[in-house]
Structures are given as C-alpha cells and as structure tokens.
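# Chains, contacts and geometry: an overview
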Amino acid sequence: MVIAEKIISGDIRAVARLIRDIDDTVPEAREVLKDLYPYTGKAYVVGITGAPGVGKSTLVDQMIAHLRKAKKTVGVLAVDPTSPFSGGAILGDRVRMQRHSMDEGVFIRSMATRGYFGGLTQSTRSAIDVLDAMGKDYIIVETVGVGQDEIDIVRSAHTTIITLVPGMGDDIQALKAGILEVGDIFVINKADREGADRTINDIRLMIEMDEKRYKDGWKPPILTAQAVFDKGVKEILGEIENHRKHLLSSKQMQSIFKYEKARNDLVEMIKDRIVSDVLADIIHSREFEEALQLIMERKIDPYTACDNIVLKKIKKGNK
Amino acid sequence: MNQKRKIRILVAKPGLDGHDRGSRIIARAYRDAGFEVVYTGLHQTPEEVVQAAIQEDVDMIGLSSLAGAHMYLFPRVLELLKENGADDIVVCGGGIFPEEDIPKLKKIGIKEIFTPGTPLGEVVNWVEENVKPRS
Ligand code: B12
Ligand SMILES: Nc1nc2c(ncn2[C@@H]2O[C@H](COP(=O)(O)OP(=O)(O)OP(=O)(O)O)[C@@H](O)[C@H]2O)c(=O)[nH]1
Ligand SMILES: [Mg+2]
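An account of the accompanying structure is given in this report. Keep in mind the model is a prediction, meaning the values are calculated, not measured.

## Looking at the sheet that holds strand β3 (residues 60-65) of chain B
The six strands are arranged β3(A)-β2(B)-β1(B)-β3(B)-β4(B)-β5(B) in an open sheet whose pairing can be described as parallel. Strands at the two margins of the open sheet, each flanked by one partner only, are β3 (89-91) of chain A together with β5 (113-114) of chain B. Sheet topology places strand β4 (residues 90-95) of chain B next to β5 of chain B; two bridges connect them, and they run parallel. Bridge pairing in β5 of chain B places G94 of chain B opposite F114 of chain B. Here helix α1 (residues 21-32) of chain B sits on the sheet and contacts β3 of chain A together with β1 (8-12), β2 (36-39), β3 and β4 of chain B; the angle it forms with β2 of chain B, its principal contact strand, is near 155 degrees.

## Some details on the coordination of the magnesium ion (ligand 3)
All names here are of chain A. Within the first shell, the magnesium ion (ligand 3) binds the protein through S57 (OG), D93 (OD) and E142 (OE), at distances of 2.0 to 2.2 Å. For the magnesium ion (ligand 3), the single-chain donor residues occur in sequence as S-x35-D-x48-E. Of this pair, S57 sits in helix α4 (residues 56-69) while E142 sits in strand β5 (residues 138-142), and the two are 85 residues apart along the sequence. The same class applies to S57 and to E142, which are both buried.

## So, the sheet that holds strand β6 (residues 159-164) of chain A
Residue and element names in this part refer to chain A. In space, the seven strands of this open sheet follow the order β4-β2-β5-β1-β6-β7-β8, with parallel pairing throughout. On the outer flanks of this sheet lie β4 (106-112) and β8 (222-224), each paired with one strand and no other. Within this sheet the neighbouring strands show an average axis-to-axis angle of 20 degrees, counted without direction. Bridge analysis of strand β7 (residues 185-188) against β8 gives three bridges, and the strand direction is parallel. Bridge pairing links I188 to T224 in β8. Along the sheet, α4 makes contact with β1 (44-50), β2 (74-80), β4, β5, β6 and β7, crossing β5 at roughly 175 degrees.

## Topic: the site of ligand 2
Residue and element names in this part refer to chain A. Around ligand 2 sit 16 residues, and of these K56, S57, T58, R96 and D192 come closest. The backbone of V54 places a nitrogen or oxygen atom 3.2 Å from an oxygen atom of ligand 2. Between ligand 2 and E142, the relevant distance is 3.1 Å, taken from an oxygen atom to a side-chain nitrogen or oxygen of the residue. Relative to its unbound accessible area of 650 Å², ligand 2 is 75% covered by the protein chains. Among the elements that line the shell around ligand 2, the one with the most residues is α4, at three residues.

## Notes on the site of ligand 1
Residues and elements named next belong to chain B. Residues in close proximity to ligand 1 total 24 residues, the closest being G18, H19, D20, S64 and L66. Residue G18 places a main-chain N or O atom 2.6 Å away from an oxygen atom belonging to ligand 1. Interatomic distance of 3.2 Å between a backbone N/O atom of R21 and an oxygen atom of ligand 1. Of all the elements in the fold, those that place two or more residues in the shell around ligand 1 are α1, β3 and β4. Per-element tally for the shell around ligand 1: the top contributor is α1, with five residues.

## Notes on the interface of chain B and chain A
Contacts between the two partners involve 37 residues from chain B, matched on the other side by 36 residues from chain A. Taken together, both faces of the contact between chain B and chain A bury some 3200 Å²; the carbon and sulfur share is 48%. Counting the contacts that link chain B with chain A gives 10 salt bridges. Close ionic contact of D59 of chain B with R20 of chain A constitutes a salt bridge, the shortest N to O distance being 2.7 Å. Summed over the shared surface of chain B and chain A, the result is 23 residue pairs in polar contact (both at pLDDT 80 or more). Residue assignment for the side of chain B that touches chain A shows that the elements contributing at least two residues are α1, β2 and α2 (46-55) of chain B.

## Notes on the packing of aromatic side chains
All names here are of chain B. Applying the stated rule across the entire model yields four aromatic pairs over all chains. Between Y30 and F35 the ring centres are 6.0 Å apart and the planes differ by 55 degrees, which places this aromatic pair in the tilted class. We note that Y30, like F35, is buried. Seen from their ring centres, F74 and F97 are 5.9 Å apart, and the 65 degrees between their planes marks the pair as edge-to-face. Remark: F97 occurs in the loop between β4 and α4 (101-108) and F74 occurs in helix α3 (residues 70-83); sequence separation between them is 23 residues. Given a relative accessible area of 0%, F74 falls into the buried group.

## Overview of the side chain of E36 of chain B
Along the chain, E36 of chain B turns up in strand β2. Given the relative accessible area of 0%, E36 of chain B is considered buried.

## Some words on the pattern of salt bridges
Residues and elements named next belong to chain A. By the definition in use, this model includes 35 salt bridges over all chains. Salt-bridge contacts for R114 lead to D24; the nearest nitrogen and oxygen are separated by 2.8 Å. Of this pair, R114 sits in the loop between β4 and α5 (124-133) while D24 is found in the loop between α2 (12-23) and α3 (27-36), placing the two residues 90 residues apart along the sequence. Of the charged contacts, one joins D277 and R273 as a salt bridge, the two residues approaching to 2.7 Å between their closest N and O atoms. Note that D277 and R273 are positioned in helix α10 (residues 251-283) at a spacing of four residues, about one turn of the helix.

Calculation criteria
Residues numbered from 1 in each chain as written. Chains lettered and ligands numbered in written order. Predicted model: local features only at pLDDT ≥ 70, side-chain atom pairs only at ≥ 80, totals over all residues. Heavy atoms only, no water. Pairing = 2+ DSSP bridges. Helix = DSSP H or I, 4+ residues; strand = E, 2+ residues; numbered from the N terminus. Contact = heavy atoms within 4.5 Å. Axes fitted to C-alpha atoms, helices over the stretch in contact; angles between N-to-C directions. Donors = N, O, S within 2.8 Å, 3.2 Å for Na, K, Ca; no water. Buried < 20%, exposed > 50% of the residue type's maximum accessible area, 1.4 Å probe, protein only. Near = heavy atom within 4 Å. Polar contact = N/O pair within 3.5 Å; in protein donor to acceptor, adjacent residues only side chain to side chain. Areas by Shrake-Rupley, 256 points an atom, 1.4 Å probe, with all protein chains shown as cover. Buried area = accessible area lost by both parts, 1.4 Å probe. Salt bridge = Lys/Arg side-chain N within 4 Å of Asp/Glu carboxyl O. Phe/Tyr/Trp six-rings, centres within 6.5 Å; stacked < 30°, edge-to-face > 60°.

What follows is the structure, encoded as structure tokens:
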C-alpha cells in the first residue's frame, strides 16, 4: 500500500517509477494497480491521433496551456514507435511540450510501443489509471501514426480527436476504413496551408455517408486549427466539453460507455495475460518440444499438434 | 510474467547552445543499440532537464554542450538531481570542452565525457557497461 499511497498523494517519482514497472511488466506493479483502482475513474481521457507530423504534439502542448489556465491538472502519455530492428526508440513528442515540464500540475510521459499494435502500448491503459489515481483532471494520450487498425485509443478515451492536414485528399479515401469512423472530433491542423476547405468537405462527405454514426446522437464536428499559432485550440477544447456533456447526457449513454470500456479493458488484459503466462508456459513445456520434433519428422501436422496442446491446456484450466 | 527491463536515456541540450547535430546522431545511435531515448530538444534549463528525467524515469542523462557553458550547466544538473533524490541517474556529457575542464567535470560526478570523433560504437558500449536499468 506504501507505493499506492505515494501515487495518490501525487509523488512524481513514485508515479514515474510505477509507469516504468508497468512498461517493463514487473509483476509487483499489478499489485499496486489493484490498490489504486478504487481511486480511478475520475479523470477525463482525451485521445489524439493522426498521421506522423500532422501536429499532434504541438496541439497537445497548446491544449495543456489552455487547460492549465482553466486550473485543470493534466497528464500526458505520448506514444512513439519502437524500431522493429533494434527494439530501441526515439521518443520526441516531449520536445514540443517541454515548456510545461516545470509546472507541477502537468505530468508528461513518453512511451514506446515495444512491438504492440493498435497505436498504444500494452501499458497505456494501466498508465492512464496511474495518472487518474494521482489526481489529474485530464489525461491526454497522443498515439502513434494512423493506420487501418490503429484505433485502440478509442476504447480507452472518452473523446477521440483525429488530426489531419490539408491536401490529404486521396489519403482520406484510404483512411476511411480504419480511422474516420472512430473520431469524435476532426481537426484539420496546419490550416495556414492551402486546401483546408477541400479537406473539410472531403471529411464531411465521408462522415455523412456513414449514417450509422449518428445513432447515439453525436455528429462529429470538423474544426480547423493552426496549432503552432494557438489558433482553433480553444474551439477544440469547447467541442471536447460538448462531447463530454453528450456522454453524460443520459444514464443510457453513460452505461454504454462504461460497458464498452470495461469489456475492452478486460478482454485486452486477459489477452495480455494469456500471451505472457499461458503461452510462455506452453513454449517451455516438454510437450511443446516433443510436438516440434514430431512436426519436423513430419509424423504429425501442426494443426493437430496445436489442437492437442491447446485443448489439453483448456481442460486442465477448467478443473 | 516475463519481466523485460529496458534502458531509458534522456538526451538533452541545456543552455542556449544551438548545435544539435551531435546530440541527434547520438540519440539515433542509442536507439539503434536498443535503448529508449527521450529527446527534449534545444534550450533547456537544468531544472527542465532534471524534471524531464524524473518524469520519464530514465537511467541516464546525456548532456550535449558545444557552446562552452558546461562548467555552469553540468554541475547544476548534478546538484538538482541530488536535491530531488534522483542522483542514482548516471550523467555523461558530450561535445566540445577545453582539455582542462574534463577532469574537473569527472571529479564532480559526470561519469564520462565524449569529444568529437569518438566512434559511436564506443559511446554505445560505454552505456552498456556503465548504465544498468533500475532493478
Ligand atoms: C555545424 C556548426 C554550427 C552550425 C550548427 C548546426 C546544428 N544545428 O547543429 C551553425 C552554423 C548553426 C553554428 C552556429 C554557431 N556556432 Co558553430 N559550429 C559548427 C561546427 C563547424 C560543427 C559542429 C557539428 O555539428 N559537428 C558534427 C557533430 C556530429 O559533432 P559534435 O556535435 O561534436 O558531436 C559529437 C561529439 O561531440 C559527441 N557528442 C556531442 N553531444 C553529445 C552528447 C552525448 C550524450 C554524447 C554521449 C556525445 C555527444 O558525439 C558526437 C558524435 O561524435 C563546430 C566546429 C567543430 N569542428 O566542432 C562549430 C562550433 C561548435 N561553433 C562555434 C560557434 C562559436 C558558433 C556560433 C556562436 C557562431 C556565431 N558567432 O554565430 C553559432 C552559435 C549557434 C548557437 N545558437 O549555439 C564554436 C564553439 C566555440 C566554443 N565552444 O566556445 C565551434 C567549436 C567553432 C569554433 N572552433 O569556434 N555552428
Ligand atoms: N505550418 C504549420 N505547421 C505546424 C502547425 N502545427 C504544427 N506544425 C509543425 O509541424 C511539425 C510537426 O509537429 P508535431 O507536433 O511534432 O507533429 P506530430 O503529429 O506530433 O508528429 P509525430 O509525433 O512525429 O507523429 C512541427 O514542425 C510543427 O511546428 C500548424 O498549424 N501550421
Ligand atoms: Mg508527436
């Protein structure tokens, strides 16, 4: 309970170290997370995603400044990709937000994906809980890139912002399947550049083609911004507030959100656990080695071998 | 669960020094060696460097200086780490230094100094030998 108490009282070193332990999958960190859980659920989580270089970090930096002016505390988790070749990473989002590093009401943490897909890291969900428990009012998560499946943030954030830049015409077509469907707010950043109007129209069309989006009554607004010049940022925060009110507008909305989040958190957690524990267990078993041998000698096919191993494991687990 | 510690490093440019080529090259070399490198950009005060290092929970800080203010900036970083109970973080430096400053910097606790022309392999090996990820 000692570490948990430090976190709740806002001890920065303790928070930083716990997030490290979560990232490094230190088993003890789970115990702390259990202690912290009762203190979570108060922060408002905003996800911000978009292709590399569209200005996400700059936008986050300005959002922090506005939220601080409104006396809100802010936690930031900024995700950058791990190099698949070396396993290392350069985490550069912080460069744009460094001016807030001396502000005690702001905690910024850079994280590397470490081979995890979906735009987040395996540890992001838990890191959100830590910042939540430490008492941050807002938690902003900047996620890496945007691809077809990189939409995990949607499940962890109350409001998801998709950032685009002018002149992405054809790219928007390509993005449609993955990302456009999950944005609660669209921001065309770098509107100082030519073509913002066209991009707005393109996105409006895409959204309007997708009628089922409006079932819950929220029509995603499309805003323009010039993050470097702090233009349009206030409006973005205004829409975040509107979306928050929308989520809180009815008991039904609230319970849908809670259900979806609980479900996804638990599914992901079970998945991680199965991969890290059960899979490791299997790979290190004699049975697994024997199966490999048999496959190599072509005495068994891998499908049957897989069935044998998995079914046995499940049955054992059921007892 | 399989625990995997990874070395985390902060590469920082304190002071008004605008020479960032070297620090970028070093950051890339560290990444290619499998470390996680947090980059803070130019014009950092020692206070900002230390706060970033704490929030990011790094094992090492690499300070880059080519503009000659190292005799003020480097000791200040060490001092602030101590004040914050974070002097377990290893600090090394790189850039351009008058010969006579190097022993002085090492004496106060800068673990190593790298000058122009040091092979990148050496810079990386030094980390592997001298920086242990926190247990
Ligand atoms: C390129 C350069 C510039 C470029 C910088 C571009 C940039 N974005 O980096 C420009 C033209 C902008 C510039 C400007 C100035 N410069 Co100039 N510049 C140089 C020059 C020629 C090369 C520096 C360089 O990039 N080297 C290549 C990189 C890869 O090497 P490096 O930075 O040394 O890094 C290596 C090592 O030092 C070490 N290392 C460096 N950092 C770190 C960090 C860690 C953690 C580690 C482990 C290792 C490490 O590893 C690196 C790889 O081997 C040097 C002279 C020289 N020969 O060094 C002068 C030099 C650094 N500049 C100098 C000066 C005076 C200036 C100006 C003040 C000139 C002026 N009057 O306007 C301005 C100031 C700019 C500012 N705001 O700070 C002086 C500094 C003198 C001093 N120390 O007292 C130098 C030494 C020239 C000289 N002999 O007078 N400069
Ligand atoms: N012209 C213009 N440039 C901008 C604007 N906003 C950000 N930029 C610049 O765009 C570049 C990238 O900005 P970042 O904030 O780092 O972008 P990012 O999306 O976080 O980038 P990654 O994290 O690398 O994917 C920087 O040079 C910014 O200064 C804008 O409104 N207009
Ligand atoms: Mg960024």
